[in-house]
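So you can see what is in the structure, the chains are spelled out below.
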Amino acid sequence: MNHDVVLTCAVTGAGDTTGRSPHVPVTPKEIAAAAIEAAKAGASIVHLHARDPETGQGSRDPKLFKEIVDRVRDSDTDVVINLTAGMGGDWISDPADPAMPGPGTDMIGPEERLAHVRECLPEICSLDCGTLNFSDTDMIYISTPPALRRMAGLVQEWGVKPELEVFDLGHIRFAKAMVAEGLINDPPMFQLCLGIPWGADQTVETMAAMKAQLPPGASWASFGISQGQMPMMAAAVALGGNVRVGLEDNIYLDRGVLATNGQLVTRAREIIERMGGRIVTPQEARNKLKLRGADD
């Protein structure tokens, strides 16, 4: 069991959840306030996406990310900042010509995918380590090996820790190749993403199987989605890992009861403490994960 738990709160995501809950933050001011709320509730790290303030849809506009990050940094609340770098890999085939991109496709290169990371220089950014059928539609999330190697090299140069998001065993296999190639500094930081269509299922057996494939000395966390969020959180702690909760992955506190990010962090903290563990502070997380700003 992990007794000193790094807890990440993923406060908004880019999914179509804004119409399902009034608590999902949309504007930079709302997203920053949600991040601060999560930190005050005990989160060690906040994982941040930006949304278009007009449409509520996910955005990769560096100006929006900069406003969010500046608001969090200018607050009196310490928290580790983790920015998504997953935007810009969406391919939706054209039904009339499957060889061509259809409406909704958003494909860009490695440098552009990381433009907001270079602008904001967070302590962590996510790196989605493979391609995936992301729904029952014709949409595919694409992250190719050359693009991932380029992105890993850039964030290493900038001193930003990549959170290696893995959705299946093959993603772990490739991430380990990047570690072996020297593109990822020790200790590598993995996020086992469970329950996302059509990646790894959210079961304890799946989590244990993925953990078994991680390289020696790796730091790891895991999350589940929807009703699996808290059970997978508890399983990760029991198996020795860190955790993630938040409205990106689940909008409910209890059946039929919509949650805030602060409430989800509080619920996770209560479970962890009842298991005999605790949530580490942001500075303890920096030290544990060897982030920029760690104590020598």
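Residues numbered from 1 in each chain as written. Predicted model: local features only at pLDDT ≥ 70, side-chain atom pairs only at ≥ 80, totals over all residues. Heavy atoms only, no water.

**Here's the deal with the overall build of the protein chain**
Tallying secondary structure elements over the protein chain gives 10 helices and 19 strands in all. Whereas a compact globule of 296 residues would reach a radius of gyration of roughly 19 Å, the protein chain reaches 18 Å, a difference of no more than 12%. Seen along its three principal axes, the alpha-carbon backbone of the protein chain occupies a region of about 55 × 45 × 35 Å. Across the 296 residues of the protein chain, 53% fall into the buried class. (Helix = DSSP H or I, 4+ residues; strand = E, 2+ residues; numbered from the N terminus. Rg over C-alpha atoms; globule rule 2.2 N^0.38 Å. Buried < 20%, exposed > 50% of the residue type's maximum accessible area, 1.4 Å probe, protein only.)

**Looking at unusual backbone geometry**
Geometrically, the link from D186 to P187 is a cis peptide bond, its omega value of -10 degrees lying close to zero. Within the secondary structure, P187 is located in the loop between helix 6 (169-180) and strand 14 (189-193). A cis amide bond links P197 with the next residue in sequence, W198, at an omega value of -10 degrees. Within the secondary structure layout, W198 lies in the loop between strand 14 and helix 7 (204-212). In this model, L121 sits at a positive phi of 45 degrees, which is unusual for a non-glycine residue.

**A look at the side chain of E163**
Position of E163 among the secondary structure elements: in strand 13 (residues 161-166). Although E163 is buried, it forms no salt bridge, and the closest oppositely charged side chain is R244 at an N-O distance of 4.8 Å. For E163, the side chain forms a polar contact with the side chain of N82, separated by 3.3 Å. Polar side-chain contacts of E163 include one of 3.1 Å to the side chain of Q191. Ignoring anything within four residues of it in the chain, the contact list for E163 reads H47, N82, I124, C125, S126, L127, M189 and Q191. (Lys, Arg positive; Asp, Glu negative; His and termini not counted. Salt bridge = Lys/Arg side-chain N within 4 Å of Asp/Glu carboxyl O. Polar contact = N/O pair within 3.5 Å; in protein donor to acceptor, adjacent residues only side chain to side chain. Contact = heavy atoms within 4.5 Å.)

**Thoughts on the pairing of strand 2 (residues 7-10)**
In strand 2, alternate side chains face the same way, and those of L7 and C9 on one face and T8 and A10 on the other are all buried. The pairing of strand 2 with strand 16 (residues 242-245) spans 3 bridges and is classified as parallel. Residue pairing across strands places L7 opposite V243, the latter belonging to strand 16. Bridge count between strand 2 and strand 3 (residues 45-48): 3 bridges; the pairing is parallel. Each bridged residue has a counterpart across the sheet, and for A10 the counterpart in strand 3 is H47. Read from strand 2 through helix 1 (residues 28-41) to strand 3, the crossover connection turns out right-handed. (Pairing = 2+ DSSP bridges. Right-handed = clockwise from strand over helix to strand, strands pointing away.)

**A few points about helix 2 (residues 62-73)**
Taking 1.5 Å per residue as the helical rise, helix 2 with its 12 residues ought to reach 16 Å, and the 16 Å between its terminal C-alpha atoms agrees with that figure. Among all positions of helix 2, only L64, F65, I68, V69 and V72 are buried. Considered in projection along helix 2, the buried side chains sweep an arc of 125 degrees and stay on one side of the axis. The N-terminus of helix 2 is capped by D61, whose side-chain oxygen sits 2.9 Å from the backbone nitrogen of K63. (Expected span 1.5 Å × (residues − 1). Arc of directions from axis to C-beta.)

**With respect to the packing of aromatic side chains**
On inspection of all chains with the given rule, the structure shows 2 aromatic pairs. With a centroid separation of 6.2 Å and 50 degrees between ring planes, the pair formed by F134 and Y141 is classed as tilted. Note on F134: relative accessible area 31%, which makes it partly exposed. Counting every residue linked through ring pairs, the aromatic cluster contains F134, Y141 and F167. (Phe/Tyr/Trp six-rings, centres within 6.5 Å; stacked < 30°, edge-to-face > 60°.)

**Considering the sheet that holds strand 2**
The strand order around the closed barrel formed by 8 strands is 2-3-6-10-13-14-15-16, and the pairing between neighbours is parallel. Neighbour to neighbour, the strand axes of the sheet diverge by 25 degrees on average, direction disregarded. With respect to the sheet, helix 2 is in contact with strand 3 and strand 6 (80-83), its orientation differing from that of strand 6 by roughly 170 degrees. Across the sheet, helix 9 (residues 261-274) touches strand 2 and strand 16, and the angle it forms with strand 2 is around 155 degrees. (Axes fitted to C-alpha atoms, helices over the stretch in contact; angles between N-to-C directions.)

**Section: the packing of helix 1 against helix 9**
Interhelical geometry of helix 1 versus helix 9 gives an angle of 20 degrees and a closest axis separation of 8 Å. For the element pair helix 1 / helix 9, the angle class is roughly parallel. The hand of the helix 1/helix 9 crossing is right-handed. Residues A34, E37, A38 and A41 of helix 1 form the contact with helix 9, whose own contacting residues are N261, G262, Q263, V265, T266 and R269. Here the residues of the contact of helix 1 with helix 9 are counted per class, giving 4 nonpolar, 4 polar and 2 charged. (Parallel < 35°, antiparallel > 145°, perpendicular 65-115°, else oblique. Left-handed = near helix turned anticlockwise from the far one by under 90°. Nonpolar A, V, L, I, M, F, W, Y, C, P; charged D, E, K, R; others polar.)

Don't take any of this as a statement about function, it's just geometry.
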